[in-house]
Amino acid sequence: NETRTAEEERTTGNLADTPPVSLLLALPRPLQLGRILPMVSQLGVDQLILTNARKVPKDYFGSHVFRKPEVLRGLLVEGLAQCGDVVLPNVTVTKRLKVFLEDELDDMFPPGAVARVIAHPRRKMGDADESNNIEGEVDVIDSVRRMA
């Protein structure tokens, strides 16, 4: 079984009915990253963006997962094997979250074209300063509370 990227799979039309899913994730500790990567590919995430955040130590970016691309690919393929899928997620690593949000986010995920959902354990819609909100974002926790 040959693994393909989500972009290759979409161009062949095999995923025409499946909405693309991208995940922006603050870089976890290397041990947790090794556990998370198979789950990301099992869930069918098309694009994984790993980024720095306020509490992420810079040395996490020097992890063996990033020094050896075959380790990263192996963890993603492990998840694909578990779910029987062949679509390998695209992985992007960016060390500057603010620059990514200001310069690249809208190009990668246009506000009117995609749904943006924020799942933050402590964030409430009223807590954030309006200037920090990203156009078109939806707070999943607030949405779930309103549904209940």
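Small disclaimer: the values here were computed from a predicted structure and weren't measured. (Residues numbered from 1 in each chain as written. Predicted model: local features only at pLDDT ≥ 70, side-chain atom pairs only at ≥ 80, totals over all residues. Heavy atoms only, no water.)

Asker: Tell me what's going on with the pairing of strand β2 (residues 22-26), and back it up with residues and numbers.
Answerer: In this structure, β2 lies alongside strand β3 (residues 47-51), joined through five bridges in parallel fashion. Looking at the pairing, Leu23 lines up with Leu48 of β3. As a crossover connection, the stretch from β2 through helix α2 (residues 30-42) into β3 is right-handed. (Pairing = 2+ DSSP bridges. Helix = DSSP H or I, 4+ residues; strand = E, 2+ residues; numbered from the N terminus. Right-handed = clockwise from strand over helix to strand, strands pointing away.)

Asker: Account for the packing of α2 against helix α4 (residues 69-83), with residues named and values stated.
Answerer: Contact geometry for α2 and α4: axes closest at 7 Å, N-to-C directions at 45 degrees. By the angle class used here, α2 and α4 are oblique. Crossing hand, α2 versus α4: right-handed. On the side of α2, the interface is formed by Gly34, Leu37, Pro38, Ser41 and Gln42, while α4 contributes Leu72, Leu75, Leu76, Glu78, Gly79, Leu80, Gln82 and Cys83. When grouped by side-chain class, the residues that make up the contact of α2 with α4 number seven nonpolar, five polar and one charged. (Axes fitted to C-alpha atoms, helices over the stretch in contact; angles between N-to-C directions. Parallel < 35°, antiparallel > 145°, perpendicular 65-115°, else oblique. Left-handed = near helix turned anticlockwise from the far one by under 90°. Contact = heavy atoms within 4.5 Å. Nonpolar A, V, L, I, M, F, W, Y, C, P; charged D, E, K, R; others polar.)

Asker: Which residues make up the pairing of β3, and what values do they have?
Answerer: On any regular strand, side chains alternate: one points to one face of the sheet, the next to the other face. The buried count for β3 comes to five of five residues, which makes it a mostly enclosed element. The alternating pattern of β3 places Gln47, Ile49 and Thr51 on one face and Leu48 and Leu50 on the opposite face, and all of these are buried. The pairing of β3 with strand β5 (residues 90-94) spans five bridges and is parallel. Its bridge partner lying in β5, Gln47 is registered against Asn90. (Buried < 20%, exposed > 50% of the residue type's maximum accessible area, 1.4 Å probe, protein only.)

Asker: Summarise the environment of Leu88; cite the residues concerned and give the values.
Answerer: Mapped onto the fold, Leu88 is located in strand β4 (residues 87-88). In this structure Leu88 comes out as buried when scored by relative accessible area, which is 9%. Through-space distance from the C-alpha of Leu88 to that of Val77 is 7.1 Å; in sequence the pair is eleven residues apart.

Asker: Go over the side chain of Ser41 with me, naming the residues and quoting the values.
Answerer: Inspection of the secondary structure puts Ser41 in helix α2. A residue is classified by how much of its surface remains accessible, and Ser41, at 1% relative accessible area, is buried. Residues within four places of Ser41 in sequence aside, it is in contact with Leu75, Leu76, Gly79, Leu80, Cys83 and Pro89.

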